[in-house]
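Listed here are the chains, written in short residue letters.
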Amino acid sequence: MRLSRFFLPVLKETPSDAEIISHQLMLRAGMIRQQSAGIYTWLPLGWKVLQKIEQIVREEQNRAGAVEMLMPTLQSADLWRESGRYDDYGQEMLRITDRKKRDMLYGPTNEEMITDIFRSYCRSYKDVPKLLYHIQWKFRDEIRPRFGVMRGREFLMKDTYSFDTDEAAARKSYNRMFIAYLNTFTRLGLKAVPMRADTGPIGGDLSHEFIVLAETGESEVFCHADLVEMGAPGASVDFDGDLQPLVDQRTALYAATEEMHDPAAFAAVPKHRQLSARGIEVGHIFNFGTKYSEPMKANLTHPDGQDRPVHMGSYGVGVSRLFGAIIEAHHDEKGCIWPDSVAPFDLGIINMRAGDGACDSACDGAYASLVAAGLDPLYDDTDNRAGAKFATADLIGLPYQLVVGPRGLKEGKVEVKIRRSGETHELSLEDAVARLA
Ligand code: ATP
Ligand code: MG
Ligand code: MG
Ligand code: MG
């Protein structure tokens with residue numbers, strides 16, 4: 001992509017209403033634009049990143065055996081009346097009436113809808129286990145939307161739902177998601193710690209929030225410091241095998257959100273490993289048994305001929321919230337520093353003197369070779385000053401920059417800069433292209 005053709009409305013000033021760095025950088029780097037409180041347009045650069053995050057989330061869901069589908073954003077209120085949540089949900093639910101005076105709502109989550117879909121087709125123990133998910137926009141009329149996309153009103157969520165015959169089988173589905181989440185967040189360049197979370201009125205111990213530690217996080221959390229450094233199991237995990245030991249390894253150490261915090265248990269953690277911090281909830285997994293299947297009559301016929309409600313769980317990832325969390329974890333005073341996995345472009349090509357014959361032809365050639373090698377470069381071919389180009393490149397935070405200037409070219413050299421370390425290498429154009437490709 002040539003920058004002259006792209007749409008990158010960078011801002012010179014930091015918008016005064018943006019309190020945290022990720023929100024400031026997303027606005028300044030022309031990645032999002034607020035349309036109403038908590039409702040954003042994803043501008044081209046931001047949209048590219050969001051799609052990359054979404055794709056990693058998707059790949060890890062698929063790897064864990066979940067099956068993708070797509071449910072609508074608008075739902076009928078009747079389904080929510082069946083579960084009893086239509087009245088309970090309160091003001092966070094955006095309620096809509098259509099022209100026939102039917103009560104509709106913009107889905108804040110999809111337990112009711114997926115339960116309805118499941119019960120329409122599945123009646124037998126042979127129809128499970130199933131893990132179904134979608135990645136769809138949600139709406140919650142948050143009382144205080146803030147921090148940009150971290151707490152939006154309209155936001156993108158990946159939500160998976162599991163269906164099993166009984167508690168023991170449901171636990172296996174839960175473990176699949178638990179491990180898939182660790183792998184997902186690691187690929188996104190994040191250290192997310194699973195923490196015991198409140199299961200509300202249903203009880204049980206099967207709920208974890210995945211928390212990225214950050215000073216700007218809205219949750220107060222307490223954990224054993226070793227959990228932060230514990231790596232993810234990785235792509236080689238056999239999801240059909242026994243995942244319990246991997247899960248146990250990570251749930252044996254103390255980790256709890258504020259609501260679940262037990263100061264006495266925390267005190268048993270060695271003093272120098274006690275970590276109390278703030279964090280961002282990027283995912284939440286929850287086993288809720290028959291909470292929805294019972295009132296909504298989603299039953300399975302078991303081998304003994306008896307009908308029993310299907311056991312369910314739900315597993316959410318805040319895809320758009322992750323965008324902010326990644327910037328919170330990866331930036332410096334100049335701007336974003338994208339992990340390679342989610343960078344909007346693979347690298348930037350900076351033509352320090354557009355219009356200069358040698359610079360133009362070197363850049364055009366490098367651009368063509370890198371594209372031919374399968375890379376997606378952003379080529380700054382504009383006639384802005386070199387200083388402004390550098391500032392923009394650092395602000396948008398592509399992992400690598402290929403800098404081409406008239407002086408270097410005279411000696412047959414260009415520069416490759418690594419955004420994260422600031423390291424630069426002088427190389428011939430051919431070597432630079434070979435190194436980046
Ligand atoms: P929070 O405690 O931040 O309000 P939640 O517990 O209400 O979140 P869940 O119902 O668990 O959220 O939804 C699953 C995931 O969706 C959350 O873990 C979070 O990453 C994301 N999410 C929830 N609300 C928002 C929001 N307003 N904006 C962006 N992402 C959100
Ligand atoms: Mg909430
Ligand atoms: Mg929460
Ligand atoms: Mg939650």
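Just so it is clear, the model here is predicted, and its values are computed rather than measured.

> Where do I start with the overall build of the protein chain in this structure?
Scanning the protein chain from terminus to terminus reveals 14 helices and 23 strands. Here the C-alpha atoms of the protein chain give a radius of gyration of 25 Å, agreeing with the 22 Å that 2.2 N^0.38 yields for 437 residues. Overall, the C-alpha framework of the protein chain stretches about 85 × 60 × 40 Å when taken along its three principal axes. Put simply, the protein chain has 437 residues, and 52% of those count as buried. Of the roughly 19,700 Å² of accessible surface on the protein chain, 49% is carried by carbon and sulfur atoms. Between the centroid of the 52 positive side chains of the protein chain and the centroid of its 63 negative side chains there is a distance of 3 Å.

> Help me out: how do you make sense of the nonpolar core in this one?
Most often, soluble globular proteins keep nonpolar side chains buried together rather than apart. Membership of the largest hydrophobic core comes to 67 residues, with the highest contact counts inside it found for Ile53, Phe185, Phe323 and Trp338. Beyond its immediate stretch of four places on either side in the chain, tryptophan 338 contacts Met31, Val49, Phe323, Ile326, Ile327, Ala343, Pro344, Ile396, Gly397, Pro399 and Arg420.

> Sorry, what's going on with the site of ligand 1 here?
By nearness alone, 14 residues border ligand 1, and Glu142, Arg151, Gly152, Glu281 and Arg321 come closest of all. Arginine 140 places a polar side-chain atom, nitrogen or oxygen, 3.0 Å from an oxygen atom of ligand 1. Within the contact set of ligand 1, a nitrogen atom lies 2.8 Å away from a backbone nitrogen or oxygen of glycine 152. When the free accessible area of ligand 1 is taken as 580 Å², the share hidden by the protein chains comes to 81%. Among the detected pockets, ligand 1 sits in the largest pocket. Listed by contribution, the elements that provide at least two residues to the shell around ligand 1 are β8 (154-164) and β13 (274-289). Residue contributions to the shell around ligand 1 peak at 4 residues, all from β13. Class assignment for the residues of the shell around ligand 1 results in 5 nonpolar, 4 polar and 5 charged.

> Would you mind going over a negative patch on the surface with me for this structure?
Taken together, Asp198, Glu220, Glu258 and Glu259 make up a surface patch of like negative charges. Mapped onto the elements of the fold, glutamate 258 is located in the loop between β12 (255-257) and α9 (263-267). With a relative accessible area of 45%, glutamate 258 lands in the partly exposed category.

> Sorry, what's going on with empty space enclosed by the protein here?
Over the atoms, a rolled probe matching the size of one water molecule traces out where space is still vacant. Summed over the entire model, instances satisfying the criterion amount to 3 cavities of 30 Å³ or more. By volume, the largest cavity amounts to about 100 Å³. As for the largest cavity, its lining consists of 14 residues, of which Gly348, Leu378, Asp380, Ala393 and Ile396 are closest to the centre. Listed by contribution, the elements that provide at least two residues to the lining of the largest cavity are β19 (347-351), β20 (377-380), α12 (386-396) and β21 (400-404). Examining the composition of the lining of the largest cavity, we find that 4 residues originate from one element, α12, more than from any other.

> Where do I start with unusual backbone geometry in this structure?
Here the residue pair valine 128 and proline 129 is connected by a cis peptide bond, since its omega of 5 degrees sits within 30 degrees of zero. Of note, lysine 101 is a non-glycine position whose phi angle comes to about 65 degrees, a positive value. Along the polypeptide, lysine 101 turns up in the loop between β5 (94-97) and β6 (103-106). The exposed category is assigned to lysine 101, whose relative accessible area is 66%. Phi angles above zero are rare outside glycine, and phenylalanine 147 is one such case at about 60 degrees. Turning to its location among the elements, phenylalanine 147 is positioned in the loop between β7 (130-139) and β8.

> In this structure, what is going on with the packing of helix α1 (residues 21-28) against helix α10 (residues 319-329)? I would like to understand it.
In a pair of packed helices, the angle between the axes and the distance between the axes together describe the arrangement. Where α1 meets α10, the closest approach of the two axes is 8 Å, and the angle between their N-to-C directions is 105 degrees. One element, α1, and the other, α10, form an angle in the roughly perpendicular class. Across the interface between the two elements, Ile21, Ser22, Leu25 and Met26 from α1 touch Phe323, Gly324, Ile327 and Glu328 from α10. Residues belonging to the contact of α1 with α10 are distributed by class as follows: 5 nonpolar, 2 polar and 1 charged.

> Explain the pairing of strand β16 (residues 311-318) to me, please; I cannot follow it from the model alone.
Here is the key point about a regular strand: its side chains alternate between the two faces of the sheet. Within β16, 8 of the 8 residues are buried, which leaves the element mostly enclosed by the surrounding structure. The side-chain alternation of β16 yields two buried faces, one formed by His311, Gly313, Tyr315 and Val317 and the other by Met312, Ser314, Gly316 and Gly318. The sheet contact formed by β8 and β16 spans 8 bridges and is antiparallel. Within β16, the position partnered with threonine 160 by the bridge is tyrosine 315.

Conventions and cut-offs
- Residues numbered from 1 in each chain as written.
- Chains lettered and ligands numbered in written order.
- Predicted model: local features only at pLDDT ≥ 70, side-chain atom pairs only at ≥ 80, totals over all residues.
- Heavy atoms only, no water.
- Helix = DSSP H or I, 4+ residues; strand = E, 2+ residues; numbered from the N terminus.
- Rg over C-alpha atoms; globule rule 2.2 N^0.38 Å.
- Buried < 20%, exposed > 50% of the residue type's maximum accessible area, 1.4 Å probe, protein only.
- Areas by Shrake-Rupley, 256 points an atom, 1.4 Å probe, with all protein chains shown as cover.
- Lys, Arg positive; Asp, Glu negative; His and termini not counted.
- Charge placed at Lys NZ, Arg CZ, Asp CG, Glu CD.
- Core = buried A, V, L, I, M, F, W, Y, C linked by side-chain atoms within 4.5 Å.
- Contact = heavy atoms within 4.5 Å.
- Near = heavy atom within 4 Å.
- Polar contact = N/O pair within 3.5 Å; in protein donor to acceptor, adjacent residues only side chain to side chain.
- 1 Å grid on protein atoms, 1.4 Å probe; cavity = no way out; pocket = protein on both sides within 12 Å on 5 of 7 lines; lining within 4 Å.
- Sits in = over half its atoms within 2 Å of the grid points.
- Nonpolar A, V, L, I, M, F, W, Y, C, P; charged D, E, K, R; others polar.
- Patch = residues over 30% accessible without salt bridge, like charges linked within 9 Å, V, L, I, M, F, W, Y side chains within 5 Å.
- Salt bridge = Lys/Arg side-chain N within 4 Å of Asp/Glu carboxyl O.
- Points joined across faces, edges and corners; volume = space filled by probe spheres on them.
- Axes fitted to C-alpha atoms, helices over the stretch in contact; angles between N-to-C directions.
- Parallel < 35°, antiparallel > 145°, perpendicular 65-115°, else oblique.
- Pairing = 2+ DSSP bridges.

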